[in-house]
Amino acid sequence: MHDRAGALHAGWHEGLAVVNLRGDARVAAFREAIERTLGLPLPVRAGTTSGDDMLRVVWVGPDDWFVIGPRGQAGALVQQLRIAASPFQGAVTDVSGGYTVLRLSGVSARDVLAQGCPLDLHPCVFPVGATAGSHFFRATVWLWKVDNEPTYEGLVRRSFMNYVWLMVERTTLECGLVERHVA
C-alpha cells in the first residue's frame, strides 16, 4: 500500500536484546544498583515503563521486568545486570531468542489494536509510558505506549510473529497498512 493519512505504520524491531530481570524492588539498594547500570529508573509501579532512545524497561510484575535494548547487546546487558543484581539474589536471563517487538504508529493504531486487544487504550487510561500484559487476538503480548502519535510497541513471542502480522494485515483493511521494516 502507498503512504497515506490515517494509514497504520507497522514493522518489527528485529534482533533486539530482550532480558528478563527478577529482583526485590522493595530493596532500595537493588533499585539503585539497577538504575545506575541502566541509566534509567526501574519502574516499580504496576503498568509503567521507563525508557530512552536505547533502552526500555517494562514492568511485568512486582519483582519482574523486561529490559529491551539494542541489537547485538544482549550479552553485555546480561553481564552488567548480573553484576548489579547478584548481591541481592536477583536473576537475569537472556530471552532475546524467544521475543521480538512490533511497532505500530499512526492515528489508526489504537483502533487497530482495539480489534484484537481487550485493553482500554484511550489516552486518559493508557497514557505514554503505560504498559500491560494482554493479548492481540490469540497471541499474548506486553504492550506499551511510546508517544502520543500514537505509537505502541508490543513484545511478542517470536513463534507468534506470523500470526500477529496476519492479524495486523486483516485489521487494517479500512485504514491501510504501510509496512516499514523497523531496525
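That block above? That's the structure.
Residues numbered from 1 in each chain as written. Predicted model: local features only at pLDDT ≥ 70, side-chain atom pairs only at ≥ 80, totals over all residues. Heavy atoms only, no water.

Colleague: Outline the overall build of the protein chain, supporting the account with residue identities and numerical values.
Modeller: A tally of regular secondary structure across the protein chain gives four helices and 11 strands. On C-alpha atoms alone, the protein chain measures out to a radius of gyration of 17 Å, which is about the 16 Å that the 2.2 N^0.38 rule sets for 183 residues. Across its three principal axes, the protein chain shows a C-alpha extent of roughly 55 × 35 × 30 Å. With 183 residues in all, the protein chain has 51% of them scored as buried. Of the contacts made within the protein chain by residues no fewer than 6 positions apart, 63% connect residues no fewer than 24 positions apart. (Helix = DSSP H or I, 4+ residues; strand = E, 2+ residues; numbered from the N terminus. Rg over C-alpha atoms; globule rule 2.2 N^0.38 Å. Buried < 20%, exposed > 50% of the residue type's maximum accessible area, 1.4 Å probe, protein only. Contact = heavy atoms within 4.5 Å.)

Colleague: Before we move on, can you summarise the nonpolar core with the specific residues and values?
Modeller: Membership of the largest hydrophobic core comes to 26 residues, with the highest contact counts inside it found for Leu-8, Leu-104, Phe-136, Val-164 and Val-168. Those elements that place two or more of their residues in this core are strand S1 (8-13), strand S7 (99-105), helix H3 (109-114), strand S8 (131-136), strand S9 (139-147), strand S10 (151-157) and helix H4 (161-171). If you tally residues by element for this core, the top one is H4, at five residues. Among all residues touching Phe-136, those that are not within four sequence positions of it are Val-112, Leu-113, Gly-116, Cys-117, Val-141, Tyr-163, Val-164, Met-167, Val-168 and Thr-171. Within the second largest apolar cluster, 22 residues are counted, among which are Ala-17, Leu-21, Ala-84 and Ala-85. (Core = buried A, V, L, I, M, F, W, Y, C linked by side-chain atoms within 4.5 Å.)

Colleague: Run through the pattern of salt bridges, naming residues and quoting values.
Modeller: All chains considered together, the criterion is met by five salt bridges. Note that Glu-14 is salt-bridged to Arg-158, the shortest N-O span being 3.6 Å. With a gap of 144 residues between them, Glu-14 in the loop between S1 and strand S2 (17-22) and Arg-158 in the loop between S10 and H4 connect regions that are remote in the sequence. Residue class for Arg-158 comes out partly exposed when judged on its relative accessible area of 28%. Asp-63 is the partner of Arg-22 in a salt bridge, and the nearest nitrogen-oxygen pair spans 3.1 Å. (Salt bridge = Lys/Arg side-chain N within 4 Å of Asp/Glu carboxyl O.)

Colleague: Any chance you could break down unusual backbone geometry for me, citing the residues and the numbers?
Modeller: Look at the link from Glu-149 to Pro-150: it is a cis peptide, with omega at 5°. Tracing the sequence through the fold places Pro-150 in the loop between S9 and S10. Despite not being glycine, Gln-89 shows a phi value in the positive range, around 55°. With a phi angle near 55°, Phe-137 is a residue other than glycine that sits in the positive phi range. Mapped onto the elements of the fold, Phe-137 is located in the loop between S8 and S9. For Phe-137, a relative accessible area of 27% puts it in the partly exposed group.

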